[in-house]
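The primary structure of each chain is shown beneath.
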Amino acid sequence: MKEGGRGNTSRVVNVITSVLVIGQIALTAALLIAATLQIKSIRNQLTLDYGYDENGVYSARIGLMEGDYPNEEARRQFFVKAVRALRANPAFAGAAMSDRFRMTFAGLGPYELDGQNYVTDRDRPQGNLEAVSDGYFTTLGLKILEGRDFTIDDNDAKQPVAIVNASFARKYFGHASPLGRRVRIFNPGEALPWRTIVGVVPDTLMQGPFNQETDSGGFYVPLLGATPAAQFCTIIVRPHPGQRAETLGAALSHAVSELDTNLPVYFAGTPARLHDEILGANRIMASLFTTFGIVAFLLSAVGLYGVMSFSVNQRTQEFGIRMALGADAKRIFRMVMQQGAWQLIIGLVLGTGAAALLLGVVVAAVLHNILFKVNAARSVYLFCGRGAPYGRGRGLVPWCRRAAPPGSIR
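First, a word on scope: everything that follows refers to the structure included in this document. Remember, it's a predicted structure, so these values are computed and weren't measured experimentally.

1. Here's the deal with the overall build of the chain
Each helix and strand in the chain was counted, giving eleven helices and eleven strands. Looking at the chain as a whole, 46% of its 410 residues are labelled buried. Accessible surface, the chain as shown: approximately 21100 Å² in total, 59% of it carbon and sulfur.

2. Considerations on the packing of helix α6 (residues 271-278) against helix α7 (residues 280-314)
Look at α6 against α7: their axes get within 4 Å of each other, and the N-to-C directions meet at 50°. Put simply, α6 runs oblique to α7. On the side of α6, the interface is formed by D276, E277 and I278, while α7 contributes G280, A281 and R283. Its residues placed into classes, the contact of α6 with α7 shows two nonpolar, one polar and three charged.

3. Points about the packing of aromatic side chains
What the rule picks out here adds up to 13 aromatic pairs. Following the ring pairs from residue to residue traces out a cluster consisting of F101, F105, Y266 and F267. Between R102 and the ring centre of F267, over which it is positioned, the NZ or CZ distance is 4.2 Å. The ring of F186 carries the charged tip of R124 above its face, separated from the ring centre by 3.9 Å.

4. Structural notes on the side chain of T204
Position of T204 among the secondary structure elements: in the loop between β8 (195-201) and β9 (218-222). Looking at T204, the relative accessible area reads 5%, which means it is buried. In this structure the side chain of T204 is engaged in a polar contact, spanning 3.0 Å, whose partner is the side chain of Y220.

5. Section: the side chain of R61
Among the secondary structure elements, R61 is positioned in strand β1 (residues 58-63). Salt bridges are absent for the buried R61, whose nearest opposite-charge side chain, D99, sits at 6.6 Å. Side-chain polar atoms of R61 contact the backbone oxygen of D99, separated by 3.4 Å. A distance of 2.9 Å separates a polar atom in the side chain of R61 from a polar atom in the side chain of T234.

6. Some words on the environment of V307
Summarising the element assignment, V307 is placed in helix α7. V307 sits in the partly exposed class, given a relative accessible area of 22%. For the pair V307 and L20, spaced 287 residues apart in sequence, the C-alpha separation works out to 8.7 Å. Not counting residues up to four positions away in its chain, the partners in contact with V307 are T17 and V21.

7. Some remarks on α7
Taking 1.5 Å per residue, 35 residues should reach 51 Å; α7 reaches 51 Å between its end C-alpha atoms and fits that length. Of the positions making up α7, those classed as buried are G280, N282, A286, G293, A296, S300, G303, M308 and S311.

8. Thoughts on unusual backbone geometry
The residue M103 is not glycine, and still its phi comes out positive at about 55°. Relative to the helices and strands, M103 resides in the loop between β2 (94-98) and β3 (107-113). For M103, a relative accessible area of 0% gives the class buried. Even without being a glycine, F267 presents a positive backbone phi close to 50°. Within the fold, F267 resides in strand β11 (residues 266-269). Looking at F267, the relative accessible area reads 23%, which means it is partly exposed.

Reading guide: rules and limits
Residues numbered from 1 in each chain as written. Predicted model: local features only at pLDDT ≥ 70, side-chain atom pairs only at ≥ 80, totals over all residues. Heavy atoms only, no water. Helix = DSSP H or I, 4+ residues; strand = E, 2+ residues; numbered from the N terminus. Buried < 20%, exposed > 50% of the residue type's maximum accessible area, 1.4 Å probe, protein only. Areas by Shrake-Rupley, 256 points an atom, 1.4 Å probe, with all protein chains shown as cover. Axes fitted to C-alpha atoms, helices over the stretch in contact; angles between N-to-C directions. Parallel < 35°, antiparallel > 145°, perpendicular 65-115°, else oblique. Contact = heavy atoms within 4.5 Å. Nonpolar A, V, L, I, M, F, W, Y, C, P; charged D, E, K, R; others polar. Phe/Tyr/Trp six-rings, centres within 6.5 Å; stacked < 30°, edge-to-face > 60°. Lys NZ or Arg CZ within 6 Å of the ring centre and 35° of its normal. Polar contact = N/O pair within 3.5 Å; in protein donor to acceptor, adjacent residues only side chain to side chain. Lys, Arg positive; Asp, Glu negative; His and termini not counted. Salt bridge = Lys/Arg side-chain N within 4 Å of Asp/Glu carboxyl O. Expected span 1.5 Å × (residues − 1).

See below:
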């Protein structure tokens, strides 16, 4: 039969319709893979274990401005006064302070261990650092594993001390006791003092849900006796048994206003609420990706059905001739389904291949900051072959890099 006869389609039209179907399937597969990775990333962020009961305490941020507190000694005296006043307040079962931003982001930077030789700056390990007051671990409901807690009298001018977490102690000292060993923050601009390790505490997540660091080792230094004195800090208060932590907001604001009527509190709430607020934008993004993926899948299904229906209708005369020459209905049906299956397979291969190339090679560095604890290349492999898996301020130390979200304040 001649091409282009009545009831037939030309070879060009067949090629165009096939290319449209394959391209639509490929784009849909790539979008579904991206949506799956983003949803998995959000799930990893939402299920993080911070190492303590995030709903068991209430926190709020304060900052001492230089106009009212012009020097380090003034700030240090205020923080000591504030800790003592909050602990004497009958509204709270315990109180402590930390420099952790929104109870999420602690410091991160290089450090040195006494007895270790470091040839270059890159040889020095990167670790988590948090400045806390005495009673911080008790307020969070954590027990000292070995040694002692900080005291309100710990001061860098007398004897610089530090407390390490269990991961840090296990990494560098194994089953031996780390008490009495020394560690110090590395600052290329000046030699900081060695700190004697006086205690070991359980692990807590010292970095937020955006940091990809796998090493959970870290150490703590005294907030109230540190040099230079902190300017911003987070107050943590614990409710009495049977009381809910989220009810402490008014009492904490009133207690701070009694210390300084011009000192506001901000970023107030339970750590669970603060973490939820930080992840709000990512949760919206995951919802959008899910919606776009579902819509793309439905459009692809409808488009595939429409194009296949058009192709079948255009080949009605061809099918009639084939049946007249001996082909039965099953053979015709199998031929049509094979054509659709090949288009589907080619589209999936192209879509997943493009996604693997884009996610695993081209923008790997960018995705490292977008996807949280998600191996893009491995996830694409699972999707294809095994099914889809579901302002630097004046802080404690100058070198400390804050992992706060862009645009946030201290």
